[in-house]
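Commentary on secondary and tertiary structure
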Amino acid sequence: MIQTVAKVLEQTIEGELTTVEITALLEKPKHQHLGDLAFPCFTLAKKMKQAPQQIAQSIAEKIEHPFIQDVQVVGGYINFFVNQSAVTQQVLISIRDSGDNYAQAENNGQRVVIDFSSPNIAKPFSMGHLRSTVIGNALANIAQKNGYEVVRINHLGDWGTQFGKLIVAYLLWGSKEAIEEAPIQELLKLYVKFHDEAEQDEALNDKARAAFKALEDQDAEATALWEWFKNVSLVEFRGIYEQLSIEFDSLEGEAFYNDKMQTVVEELHAKQLLTVSDGANVVELDDEMPPCLITKQDGATLYATRDLAAAFYRQKHYRPEKIFYVVGNEQTLHFKQFFKVIDKMGYSWAKRLQHVPFGMILKDGKKMSTRKGRVILLKDVLDEAVQTAKQNIKDKNPTLSNIEEVAQQVGVGAVIFNDLKNFRMNDIEFSLEQMMNFEGETGPYVQYTYARISSLLEKAQFTSFNLEVTDLEEQAWPAILCLQDYPKAVKEAYEQADPSIIAKYVLQLARAFNKYYGHTKILVEDSAKESRLLFCYCVATVLEDGLKLLGLKAPRDM
Ligand code: ARG
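Now for a quick tour of the structure. All figures in this text were calculated on a predicted structure; none of them were measured in a lab.

1. Regarding the overall build of the protein
Counting its secondary structure elements, the protein contains 22 helices and 15 strands. Dimensions of the protein, computed from C-alpha atoms along their principal axes, come out at roughly 85 × 65 × 40 Å. Counting only residues that meet the buried cut, the protein has 53% of its 558 residues in that class. The long-range share in the protein, meaning contacts at least 24 apart out of those at least 6 apart in sequence, stands at 72%.

2. Some remarks on the site of the ligand
Looking at the ligand, the residues that line it are Asp115, Ser118, Asn120, His129, His155, Tyr303, Asp307, Tyr325, Val327, Gln331 and Phe335. Aspartate 115 places a polar side-chain atom, nitrogen or oxygen, 2.8 Å from a nitrogen atom of the ligand. One of the backbone nitrogen or oxygen atoms of serine 118 is found 2.9 Å away from a nitrogen atom of the ligand. In the complex, the protein chains occlude 90% of the 350 Å² of accessible area that the ligand would expose alone. A per-class count over the shell around the ligand returns four nonpolar, five polar and two charged.

3. Describing helix α19 (residues 477–484)
Burial analysis of α19 places six of its eight residues in the buried class, which makes it a mostly covered element. Those residues of α19 that fall on the buried side of the exposure criterion are Trp477, Ala479, Ile480, Cys482, Leu483 and Gln484. Buried residues along α19 sit in contact with α1 (2–12), β3 (77–82), α5 (84–98), α20 (486–495), α21 (500–519) and α22 (529–550).

4. Remarks on the packing of helix α9 (residues 183–200) against helix α10 (residues 203–216)
At their nearest, the axes of α9 and α10 sit 7 Å apart, and the two run at 130° to each other. Between α9 and α10, the angle falls in the class oblique. Here α9 contributes Phe194, Glu197 and Ala198 to the contact with α10, which in turn contributes Leu204, Asn205 and Ala208. Residues belonging to the contact of α9 with α10 are distributed by class as follows: four nonpolar, one polar and one charged.

5. Here we look at the environment of glutamate 321
Residue placement: glutamate 321 occurs in the loop between α13 (303–318) and β9 (322–326). On the basis of relative accessible area, glutamate 321 is assigned to the partly exposed category, the value being 25%. Taking the C-alpha atoms as reference points, glutamate 321 and tyrosine 537, separated by 216 residues in sequence, lie 36 Å from one another. In this structure glutamate 321 touches Gln110, Arg111, Val112, Tyr148 and Arg352, once residues within four positions along its chain are discounted.

6. Remarks on the sheet that holds strand β12 (residues 366–367)
Across the sheet, three strands lie side by side as β12-β11-β15; this open sheet has mixed pairing. If you trace the sheet from one side to the other, it starts and ends with β12 and β15 (428–429), each paired once. Pairing of strand β11 (residues 361–363) with β12, which is carried by two bridges, proceeds in the antiparallel orientation. Pairing of leucine 362 across the sheet is with lysine 367, part of β12.

7. Points about the pairing of β3
For β3, a buried count of five out of six residues is recorded, marking the element as mostly surrounded by other parts of the structure. As paired strands, strand β2 (residues 68–74) and β3 are joined by six bridges and run antiparallel to one another. Of the residues in β3, the one forming a bridge with glutamine 72 is asparagine 79. Here β2 hands over to β3 after two residues, with glycine 75 in that stretch at a positive phi of 60°.

8. Let's talk about the packing of aromatic side chains
With the rule as written, the count across this model stands at 32 aromatic pairs. Look at phenylalanine 462 and tyrosine 537: their rings are 5.8 Å apart centre to centre, the planes differ by 35°, and that puts the pair in the tilted class. On the criterion of sequence distance, the pair formed by phenylalanine 462 in the loop between α18 (443–459) and α19 and tyrosine 537 in helix α22 is long-range, its members being 75 residues apart. Owing to a relative accessible area of 11%, phenylalanine 462 belongs among the buried residues under this scheme. A relative accessible area of 18% places tyrosine 537 in the buried class. Relative to tyrosine 517, the ring of phenylalanine 513 lies with its centre 5.9 Å away and its plane at 35°, an arrangement referred to as tilted. Of this pair, phenylalanine 513 and tyrosine 517 both sit in helix α21, four residues apart, roughly one helical turn. What makes tyrosine 517 partly exposed here is its relative accessible area of 29%.

9. Observations regarding the side chain of glutamine 447
Mapping glutamine 447 onto the fold places it in helix α18. Judged by its relative accessible area of 0%, glutamine 447 is buried. Of note is the side chain of glutamine 447, whose polar atom sits 2.8 Å from the backbone oxygen of lysine 553. With residues near it in sequence (within four places) discarded, glutamine 447 still touches Gln409, Val410, Gly413, Leu547, Leu552, Lys553, Pro555 and Met558.

What counts, and at which threshold
- Residues numbered from 1 in each chain as written.
- Predicted model: local features only at pLDDT ≥ 70, side-chain atom pairs only at ≥ 80, totals over all residues.
- Heavy atoms only, no water.
- Helix = DSSP H or I, 4+ residues; strand = E, 2+ residues; numbered from the N terminus.
- Buried < 20%, exposed > 50% of the residue type's maximum accessible area, 1.4 Å probe, protein only.
- Contact = heavy atoms within 4.5 Å.
- Near = heavy atom within 4 Å.
- Polar contact = N/O pair within 3.5 Å; in protein donor to acceptor, adjacent residues only side chain to side chain.
- Areas by Shrake-Rupley, 256 points an atom, 1.4 Å probe, with all protein chains shown as cover.
- Nonpolar A, V, L, I, M, F, W, Y, C, P; charged D, E, K, R; others polar.
- Axes fitted to C-alpha atoms, helices over the stretch in contact; angles between N-to-C directions.
- Parallel < 35°, antiparallel > 145°, perpendicular 65-115°, else oblique.
- Pairing = 2+ DSSP bridges.
- Phe/Tyr/Trp six-rings, centres within 6.5 Å; stacked < 30°, edge-to-face > 60°.

What follows is the structure, encoded as structure tokens:
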């Protein structure tokens, strides 16, 4: 509603202030009898060198809009009284007519690339990768809702000197059966053993370098082993993606750029951007940043070299409006550095590259990825959440027929929602008990609200879509305003690359609806019953859509 009033004001005062400035000035009056919104005219008075009261009066006389029932001038303020029934009509009819296309922007012909998840082959899928996966997926959904075509890329960590070490370790101590039994666990063991042994035996490191060189030169044995490590790791990762219902358009990881780095290095050279430092080739950046390492003394390339090659490849292939990199904030310097390198090469699209950083997951205030040297497996975390959900559902709704399926949706949903409900830069506390609470600020709370409405609509056999909207109870008003705000939330979530805006939005809508639900007998037979049901339907539609953007399912019963 605030946007509507701001727009009307902006048109009336003919550009003296922008809608953004007006929005910031608009306030909620202290007492309800003073209206729904108030606009103080003092800033404007200074600008126009007139008395506030006088300006307020002359603006008020010109205001006319179907959503505004009345305007009154009090002191230097213009007080607006909203026409609730006109707004209600407009919002409900618009949602009724567009369904889950409500707030869907038209295809804008632009493309965005989202680089997210990107776990490392032969290493456990960490909680950090979970965050990247969940935030990246939501951002991708939100971008689509904003009219972009989205390319989802999993930039797998499948290249680098560690694969030389792994090959050597496997040939020395590995067992095929053990790896097939528990791939990542076993490969990690080999990797750790390699480091232990290499402390005693320096020659191992030379062997590893040679093995990686062989891999880079496409030696058959090295390549076969590397492919095998990759495939068995992917089997495990796929299980996680399946459980989270997340798909990618491309799994081209670092290895894919093996043959695409040379041209970048040559171009850097030709542009005289490379300098030698301790035998390595680097690009010097501004004083405030350390140089970006491009090739090591032995010619080996690095993480940054592959990211440079990837950026060029994506720019050429997809012509994206933006490339988002959803990666933890500990890599901020890395992204700043290689964005700067592209900028120094003279490419203006460097400014279209955006790092989307995030904080850590904590358990009891401590970083969660390792505990007493033991790795916490994401799969175990998800399974535990699902088990807890199952128990909760059994207590609440023992006759539910598809308990298994719903427990998956609720358990996984709880983990996802817990991750997304706070601004991504905040560290998040991992508490199973809290994230499962049906009454807290949780995924299950929103899902439960949705399920409650669904069963109400089913009970009422609500199908009548062409009905007139009559006035609703006063208690519906906050939820109506919230429904009207959905397109704004969708837009802001994209602009700020912040899914928490949607998470907070669905929480607010669910809360507003539950207040109404507590006050109102929805199924009472009177002339407003159909309108109440339509209102419920609209709330459910938007809740379901918001959950979907975040990557959660909305079960109809739970
Ligand atoms: N595999 C990397 C890691 O786990 C993340 C890759 C992120 N994407 C990128 N283009 N650098 O740290």
